[in-house]
Amino acid sequence: MATTLHCLDITDFALLLHQAPPRRRISSVHLHHTGMLSQAQWRGEASLLALRQLHGVERGQGDMAQHLTIDPAGGIWPGRDWELPPASCAAPAAEGAPSWNGDTHEGPFMIVLVGNFDDRKDKLVGAQEQALIDVVALLLHQAGRTSGAWIPVLSHAQMHGSGTYCPGTSLTVQNDKSNRLEQELLQKFTRRAEKLAATASPALPLPLHQLPPSLRAAVAAGRERAAHGVPRTPAPALEIPEDHAARVTTAELARNLAGLASGGRGAIDPRYAPLFGHVVNTARGLLLESPVQDGKAGSFFTSQDELEHGFFNKLDQFERRLAPEAPLRILIHLHGGLVAERDSLDYALAHQPWWQQALGVFPFFMTWESGFLESLLRNKRELETGRGLGDWLIEKTAGPLARLLWDRMKINAELCSAADWHARFRQLEDAAPPARVPRGVAGGARLFALALFERLGEYAQRRKVQLHALGHSAGSIYHCHFLPLLLDLIRQRNLKDEVSIESLHLLAPAVRLDTFEDHLAGPIAKREIRQTWLYTMDDRRERDDSVAGIYRKSLLYFVDEACERNNPGILGMASYLEKERAQAGSPIARAFPPGAAAPGQVDFSDGGRRLHVTESRTHGGFDNDPATMNSVAARILGQALPGQSEYRRWIPADDKKRAAQELSDAAPPARAAAAGGRRIALCVGIDAYPTAPLSGCVGDSRSWGQALQALGFAVRYLHDAEATRANLAARIAELVREARSGDWLVLQIASHGTVFDDVSGDEASGSDQAVVPVDFRDNGCLLDDELQQLLRPLPADARLTLFFDLCHSLSASRFAPALGRAAGADERVRLLPADAQMYAARARQRAALPPRSRVNTPVGWLHLAACQDSEYAYETNASGDFTRCAVPLLARAAAEGWSAAAFVAAVQRTFPPGSRQNPGLMPGCNPHQRLLPAPAGTAAAQDRGGELARIAQLLEQAASGLRALQG
């Protein structure tokens, strides 16, 4: 039976191997490469489906030949059933002996590397090499030693004897006839296996519900086979076809399955297929022309061949649909220095329809290596050595690494527009360029510009062409090299009257003053770039911002103090910008003089009267700030935007960037609610656990806090080291103790959750839930019974809404119905398993608690959870899945008076069908109760205040009484 294709990381593979080990004894590991499918041809799942079609159907092998495939980015794809022999080698193992494939009781485990490793056409490097080493080491460790040695790892060529070099000449020894794997690679396998053997502890079988949902079916099937056994069946003499026909068939099948013929080229991840024709992706300044280039694995690639054939088809169609006299408006968008590749692709995917369909502007998104903060956060420990001791110490401790990363990013920006990448690389890096790059090749942005102008010359015969440039943060550095290139092309092709750089929009530009003066200040002052706008924060907001919650000023301050050498100043910093504008005759003063008719104009986000122009309170937030983006769009179009076309804030798939943008923890003074009560929220986020640390909870807490502040709540925060069990209990007790009649409270927690066996028998789930504080090892967890006791004293006519983004959170507040143990109920999931020390602490805590009374959920209380008690609450790329889906809906829910049930339903709709987690409302809560108060100061808030609120509470009390009588 064919397995379901899905990609695992090494952690999931290890868990699958330990929880459903093959009953069939592994006697060796066989290593192959696809050969016929190079790394550049890899198309993810579509390629594997093509291999399954070729091996299983056309070649009669029953299924894919291999047990496992490792892709260029290190993804691990299970294929053939582990209990079946592979189609590895048809040659006999010895004269008169059966084939190398073994049988259903004993034989090899077959691995295929995606790529053609003959003559170093592809290279085994980076994530793919590490995944191979880890997988083989796990298999060796699983099989154990026999006769004092590990089981052998064999190349296909070593078994076959002749006629093949698989898994490629670059991975096998070429100076003898054995064709065995290179000794260095074999040593990497054994060293890793030795380390595993020295440190690994026995793996205990886990109940299915404690496994990630993506592994449950595979583990269940493996255990079922192990329980019943498999009849011993010899393997047929089959192996992978390597002929030219197979190569052509596989490539064609993969193209068709990936939808490349219909415009999906360039996308390794099918989600990004719509971006072909809109995204130009570069690595080290060169077009990223394959999924792996110089060891860098990408999610989207742009080849020179595609730029010349097919890339501009969408632009052609867009231009043909314009009215005869309408100008062709093209946007060239450059993201900033806080953005990794997938973030920029997600941003492009979300914004392309707004620009093109809503506004009639055709966008190009230039994706380039600028994940500066991403790289820096991988070395967060260096930053944290200075945490709490002042920004100066952080600048000094992180400075050397920061300068290295920042300099590399600036070099990448310049290389993108280089006429001779080879020569410019040598000048900038003071080192020899990579041997694979031919002399004379141009940078990726230059190749794009040259191909684009081939089209613009044709369009210019029919209409005016307007180029509009947007650069956020470090994107301004890229534009300093790219826009002069476009101006040169306009002059060289005599298109000055037909093609113009109509506008430039610089959002919090991180470019040095001298770099800007050398490249762009002159063209702006001369109106070669017809109009320029600069949007940035005033100095007060720069100082109120933070970088990753560690450095307590904006990124521009960090760049200025830690990243740049001999720095004359940063263009986007108000202190430098205003000083330069005040110096008559300076290049900056000529580009940005005072007056509405100036060629360059500056708009500050300062909380003043020009809020309609830009409102961003964070450096990274400008390209997602509705006021800023609406201003940019209106200035490009030359008119105000219709209401239905206005920009709406986007919540990115990867919230790591947003975690560095959120407001500081300072809570504003409490504002009275419209109904006469106050609005107070406590937002808790814990990442810094001593074991199993998380990365998105503090950012999630800030996201909730910002959304609640916008609704008039006074927000208090409790994060990381401060979130001890004692502090968490004290802050919740304080929130309740200070509450008065008519107040509306919110308690939000993003953290680990855990479960304990329910010894009292009062949980329907058979388990007790708990919130895991940062000091759980020493002081235990916050049990659901304890949380009940802390919340119980709240005044009867106060409102309380709980938002819990943690595992097992649906009944974590302990106001779930008090039922006996359900017959046959399973134990619930434990993301952070409770060990003996935690159970001992829990026993002491339970002994100090009064018996739980059988009470209903108090009237006016709502508890919304990220998942059911039997599920995991996931975070993806440093952001909770529930938080990412729920927070954007809060403002609308409050303004439109959504009930709790309506809000939960709206959040559930944002999750894909069959999702691994299902947000819910705790049983016993009134689903018809309003989720949150109307935004403070609105008519809705006033209309629903006073007596109306009291009437609503009386009705809810009556409804609760009726439910109790019915029960």
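Residues numbered from 1 in each chain as written. Predicted model: local features only at pLDDT ≥ 70, side-chain atom pairs only at ≥ 80, totals over all residues. Heavy atoms only, no water.

(A) Representation of the overall build of the protein in the model. Helix and strand counts for the protein come out as 33 helices and 28 strands. For the protein, the residues scored as buried account for 58% of the 967 residues in total. Here the contacts in the protein between residues at least 6 apart in sequence split such that 75% fall between residues at least 24 apart. With an accessible surface of roughly 38400 Å², the protein has 52% of that area assigned to carbon and sulfur atoms. (Helix = DSSP H or I, 4+ residues; strand = E, 2+ residues; numbered from the N terminus. Buried < 20%, exposed > 50% of the residue type's maximum accessible area, 1.4 Å probe, protein only. Contact = heavy atoms within 4.5 Å. Areas by Shrake-Rupley, 256 points an atom, 1.4 Å probe, with all protein chains shown as cover.)

(B) Summary view of the sheet that holds strand β4 (residues 106-113). Strands sit in the order β3-β2-β4-β1-β7 across an open sheet of 5 strands; the sheet is mixed. Across the chains shown, the open sheet's two edge strands, defined by having one partner strand only, are β3 (76-78) and β7 (153-155). The sheet shows a mean angle of 25° between the axes of neighbouring strands, taken without regard to direction. Sitting on the sheet, helix α3 (residues 126-143) is in contact with β1 (25-33), β2 (68-70), β3, β4 and β7, with an inclination near 170° to β4. (Pairing = 2+ DSSP bridges. Axes fitted to C-alpha atoms, helices over the stretch in contact; angles between N-to-C directions.)

(C) Local environment of the confidence of the model for the protein. The predicted model of the protein averages 77 in pLDDT, with 73% of residues at 70 or higher. The low-confidence segment residues 377-389 (pLDDT under 50) makes 22 contacts with residues lying over four places distant or belonging to another chain. Here residues 939-967 is a poorly scored stretch, pLDDT under 50, and it has 30 contacts once near neighbours within four places are set aside; other chains count. (pLDDT = per-residue confidence, 0-100.)

(D) Geometry of helix α25 (residues 725-737). For α25, spanning 13 residues, the distance from its first C-alpha to its last is 18 Å, which sits close to the expected 18 Å at 1.5 Å a residue. Among the residues of α25, Leu728, Ile732, Leu735 and Val736 are the ones counted as buried. Taken end-on, α25 shows its buried residues confined to a sector of 100°, consistent with a single buried face. When the buried face of α25 is taken as reference, the exposed residues oriented beyond 90 degrees from it are Ala726 and Arg737. (Expected span 1.5 Å × (residues − 1). Arc of directions from axis to C-beta.)

(E) Summary view of the side chain of aspartate 881. Checked against the element boundaries, aspartate 881 lands in helix α29 (residues 881-886). With relative accessibility at 7%, the residue aspartate 881 sits in the buried group. When sequence neighbours within four positions are dropped, the list of residues in contact with aspartate 881 reads Tyr874, Glu875, Thr876, Phe911, Arg916 and Gln917.

(F) Seen up close, the sheet that holds strand β28 (residues 920-921). Across the sheet, 6 strands lie side by side as β21-β20-β22-β26-β27-β28; this open sheet has mixed pairing. The open sheet has two free edges, formed respectively by β21 (714-719) and β28, since each of these has just one partner strand. As defined by bridge partners, strand β20 (residues 679-685) adjoins strand β22 (residues 744-750) across 7 bridges and the pair is classed as parallel. From the neighbouring strand, alanine 681 faces β22, where its bridge partner is valine 746. In the packing of helix α24 (residues 697-710) onto the sheet, the strands contacted are β20, β21, β22 and β26 (799-805), and the crossing angle to β21 comes to about 175°. Contacts from helix α31 (residues 900-910) reach β26, β27 (861-865) and β28, with the element oriented near 10° to β27.

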